[in-house]
Amino acid sequence: MTRNGPVALFFHALVVIFMLAPLVIVCLVAFTPENTLSLPTRGFSLRWFEAVFHHPDFVQSFWNSLWLAVLSATLAVALAVPASLAITRYEFPGRGFLNALFLSPLIIPHLVLGVAMLRLFAVVGAAGSFGWLVAAHMVIVTPYVMRLLIAAISGFDRSVEQAAFSLGASEATVFRRVTLPMILPGVTGGWLIAFINSFDELTMSIFITSPSTVTLPVRMYMYATESIDPMMAAVSALIIGITAVAVLLLDRVYGLDRILVGQQ
Amino acid sequence: MSTTLPDAAPASPGGETPERRFPSAPLFLSGPAALLFAALVLTPLFLTALLSFNQFDYATGRTGGFTLEHYLAVVTDEYYLEIFLRTFRISALATAICVVIGVPEAYILSRMSNPWRSIFLLVILAPLLVSVVVRAFGWSMLLGPEGPVNGALIALGIGRMKLLYSEGTVVVALVHVMLPFMVIPVWTSLQKLDPAVEQAALSFGASRATAIVRVVAPQILPGILSGSLIVFGLSASAFAIPGLLGGRRLKMVATVVYDQYLSDLNWPMGAAVAVILLAANLIIMLTYHRMVEGHYRRRLG
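The rules behind each value
- Residues numbered from 1 in each chain as written.
- Chains lettered and ligands numbered in written order.
- Predicted model: local features only at pLDDT ≥ 70, side-chain atom pairs only at ≥ 80, totals over all residues.
- UniProt positions renumbered as here; feature names shortened; annotations may be inferred.
- Helix = DSSP H or I, 4+ residues; strand = E, 2+ residues; numbered from the N terminus.
- Contact = placed C-beta atoms within 7 Å.
- Nonpolar A, V, L, I, M, F, W, Y, C, P; charged D, E, K, R; others polar.
- Core = buried A, V, L, I, M, F, W, Y, C linked by C-beta atoms within 7 Å.
- Buried ≥ 20, exposed ≤ 12 C-beta atoms within 10 Å, placed from the backbone.

### A word on the UniProt feature "transmembrane region" (unreviewed entry) in chain A
Residue and element names in this part refer to chain A. Sites flagged by UniProt as "transmembrane region" (unreviewed entry) map to residues 7-31, 66-88, 100-124, 130-153, 174-196 and 231-250. The annotated region residues 66-88 carries 100% helix and 0% strand content, and the separation between its end C-alpha atoms amounts to 32 Å. Secondary structure content for residues 130-153 is 100% helix and 0% strand, while the C-alpha to C-alpha distance between its ends is 32 Å.

This is the structure in structure tokens:
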């Protein structure tokens, strides 16, 4: 294999710095002891992290986001497992349409989904409801789950299931003891990527959250448009930390390059 | 598959799969998800399309009736024309820069050997999973009046510059957010490329540049095209970046829709802009789909 020359490596270093700089500066500024956004030149302090934990709005929004992400990821997986089984294993009228419908939130801008949901919630009188917010998040995370599940289901050897059937196992037993364990990496990987996407979502949520259901990204957006102090940096650093944990888990369970780049 | 075959055939051992016993199984399996998507994708989009044709009364805030005035406003009103033009200009610029940075970067990554390749792929792609609000905030600190970029400018004797709330800042931050979407498809098409072909070109005396332009580039062109369309589509509908880094003056399509809905409360106008944005996105994606399919058909035919 040919090696990269010095010019290529220099270019590469610049790109890496460009990609990491905004995240690194956020994490550094979060530890500033000063009252203004500045790099911590006189030692490190945890005062802004403490401020976050004593800020009731941010704490409330954090729990909202966490519950929202856990519920929508779990329910999306629960709907996506049977749906992707139907799409990969059966030939039925409307199969192509359903497949396109389930993946459509990937090409509909979240902004458009946001205004559309706002309109629907106004019509059915669901504005500000947490349950409907969960349903809206299920819609945007389901395509990510479906993609992984369809890959997992089409890539497995069905003769194992046939063997279980011929030995007298029931449908339910085969699904629980054979099918589910075999697609488990797809299920857990799908759940994690759904969790991350729901936890991060801003553009749709900003239209459909009410003061009591405001999520963390929406709270941060509102806060950042009014005032900027190092507390924003501390919240951001916490989010980067949570995302990093989720990314490492995802990498362990499924392989990050497989999720982001696709099957090879 | 034999979902419609009657059950009359004698059951061969192990051949009796669930599909054959329950021809209605796919309905039950996909039913719940289909209901969710009908209720929360198709219905709201339909309602929004209807809403965009409603009249809006500024005095009472009531909507109703039928009018095309919102769509006419978009194509005639200077305010909207300027915003659509600006959105187009910023997205096109961000896409071009993503090509210029992302394509060579994907090529460099593909020529690295592990573990560096996996590590740097992770470094380039993982920011995709960090909330866009955090990344926008990072840029506002980097480019702020007291930020390190201005510090460097002062140290170089250029002096402090007002970087925030300019088109340039929005473009830079968009490139940061979109770059992974360019690297991924180019990387994928580079993976399919046989390195022996490039080697062959080199061994026949082609220069490195010729080998890249004549051998590598044509094969990764579909990847570049795919990345460009994704980046352009996502940039044109980006909300957080112009919202946080563009300030009050520098509106893009998404921030205007937000204003219409939550400040002016003119929902029909906002709905019309949203419908146009959706239509433009779908046209771009479907054109791409056509082009790629045509490309493969030509290659196979």
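Anyway, onward from the coordinates.
### Observations regarding the interface of chain A and chain B
Of the residues lining the interface, 78 residues belong to chain A; the matching set on chain B comes to 78 residues. By residue number, the principal contributor to the side of chain A that touches chain B is helix H1 (residues 6-29) of chain A, which donates 14 residues. Its residues placed into classes, the side of chain A that touches chain B shows 58 nonpolar, 14 polar and six charged.

### A closer look at the UniProt feature "domain: ABC transmembrane type-1" (unreviewed entry) in chain A
Following the UniProt record, one finds the feature "domain: ABC transmembrane type-1" (unreviewed entry) at residues 62-250 of chain A. Overall, residues 62-250 of chain A shows 80% helix and 0% strand. The separation of its end C-alpha atoms is 21 Å.

### Observations concerning the environment of Ile108(A)
Along the chain, Ile108(A) falls in the loop between helix H4 (95-103) and helix H5 (110-124). Note: C-alpha distance between Ile108(A) and Met232(A) (124 residues apart in sequence) is 30 Å. The contact partners of Ile108(A), leaving out residues within four places of it in the chain, are Leu113(A) and Leu278(B).

### Section: the UniProt feature "domain: ABC transmembrane type-1" (unreviewed entry) in chain B
UniProt's feature table lists "domain: ABC transmembrane type-1" (unreviewed entry) at residues 84-288 of chain B, given in the numbering used throughout. The span residues 84-288 of chain B is 77% helix and 0% strand, and its two end C-alpha atoms sit 22 Å from each other.

### Quick notes on the nonpolar core
In terms of nonpolar packing, the biggest core is built from 167 residues, with Val26(A), Met117(A), Leu174(B), Met178(B) and Ile241(B) touching the most fellow members. Sorting elements by how many residues they give to this core places helix H8 (residues 167-191) of chain B first, with 16 residues. Not counting the four nearest positions on each side in its chain, Met117(A) is found in contact with Ala136(A), Met204(A), Phe207(A), Ile208(A), Leu40(B) and Pro44(B).

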